[in-house]
Amino acid sequence: MNRSMIIASNTMNQLQKQLDIISNNMANADTNGFKKREVTFTDLLAQSFNNQPNKNDEIGRLTPEEIRLGTGAKMAQAQLVLTQGNIKDTGRPLDVALTNEKQFFKVMSNKNGKNEVCYTRDGNFSLSPMGTNEVVLVNSSGYPVLDENNQMIIFNKNAKDYAISNNGKITVTLANGKQQTANLGMISVRKPQFLEQIGENLLGIPAKANININDVLTEMTGPLRNQISMKRGSLETSNVDTGKEMTDLINVQRSYQFQSKAITMSDQMMGLINGIR
């Protein structure tokens, strides 16, 4: 009875993690540029018991030898899915939708108490006042958008016209006819499994991860900027399929209910055994 309860409780703990990820996906179904995560499971350690000491009796056996008793299931991976979301037209000059699923904008975040370079697909940009005569380009959460040198993009507040080219170059025309330009900071992700969601539609490299950042992503500078793919005056929607998420949610709830029932039945059987006189 104890083994069955251990197996069920271990699996319930992992199902709760999957439930949290599904809930997060559904909560961000309307978030621009959001990328969902998908969960895969694997078996925990299993024990093998030799139930047939006489090998001659095993001749012709079609099933695996010995009896394998597991200890439940665990969440093996919560993989970031970078499939392209739908593109919706907005007509705003500072709205940009990336059309290459591996490319991201760079923004400056201070979520952990210090400034860190983070990444997002949300191209809903705007200008925020900074000082007396300047404005800074920010994303929808108010974080500064960075240029290719990881510097904030700052313009004169008298700007009257904005334009973003297909290679990520933003041009601002001032009231006196002069222009200011800057290149949006862009990266291309090679290994998305090393990126973690840090909140507010941002992705980042784990602080304690012992990895080379150049193995995970590539800075799109110089000739690589010709590979930038975006659509101006548009935004990318999330890649969350609410129908699939609802189906997965129901399956997880049923699995959770099944494991809970297994614990209840084991407890009842233990009670019957302890009650025998």
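Residues numbered from 1 in each chain as written. Predicted model: local features only at pLDDT ≥ 70, side-chain atom pairs only at ≥ 80, totals over all residues. Heavy atoms only, no water.

Where an unreviewed UniProt entry is consulted, the protein appears under the name Flagellar hook-basal body protein, with the organism given as Heyndrickxia sporothermodurans. On record in UniProt, under Subcellular location (unreviewed entry), the comment for the protein is "Bacterial flagellum basal body". Listed in UniProt under the heading Sequence similarities (unreviewed entry), the comment for the protein reads: "Belongs to the flagella basal body rod proteins family." (UniProt positions renumbered as here; feature names shortened; annotations may be inferred.)

A word on the nonpolar core
The biggest cluster of nonpolar side chains holds 25 residues, and the ones touching the most others in it are F105, L137, L184 and M230. When residues of this core are traced back to their parent elements, those giving at least two are β6 (96-98), β7 (103-109), β10 (134-138), β12 (159-164) and β13 (169-174). Among the elements that line this core, the one with the most residues is β13, at three residues. Ranked by size, the runner-up nonpolar core spans ten residues in total, among them L80, L195, V216 and L217. (Core = buried A, V, L, I, M, F, W, Y, C linked by side-chain atoms within 4.5 Å. Buried < 20%, exposed > 50% of the residue type's maximum accessible area, 1.4 Å probe, protein only. Helix = DSSP H or I, 4+ residues; strand = E, 2+ residues; numbered from the N terminus.)

Observations concerning the sheet that holds strand β11 (residues 154-156)
Reading across from one edge, β9-β10-β11 is the order of the three strands in this open sheet, with antiparallel pairing throughout. Where the open sheet ends on each side, the last strands, each with one partner, are β9 (126-130) and β11. Strand-to-strand twist across the sheet, computed as the mean angle between neighbouring axes with direction ignored, equals 40°. Where β9 lies against β10, five bridges are found, and the strand directions are antiparallel. Note on β10: the bridge partner recorded for S128 is V136. (Pairing = 2+ DSSP bridges. Axes fitted to C-alpha atoms, helices over the stretch in contact; angles between N-to-C directions.)

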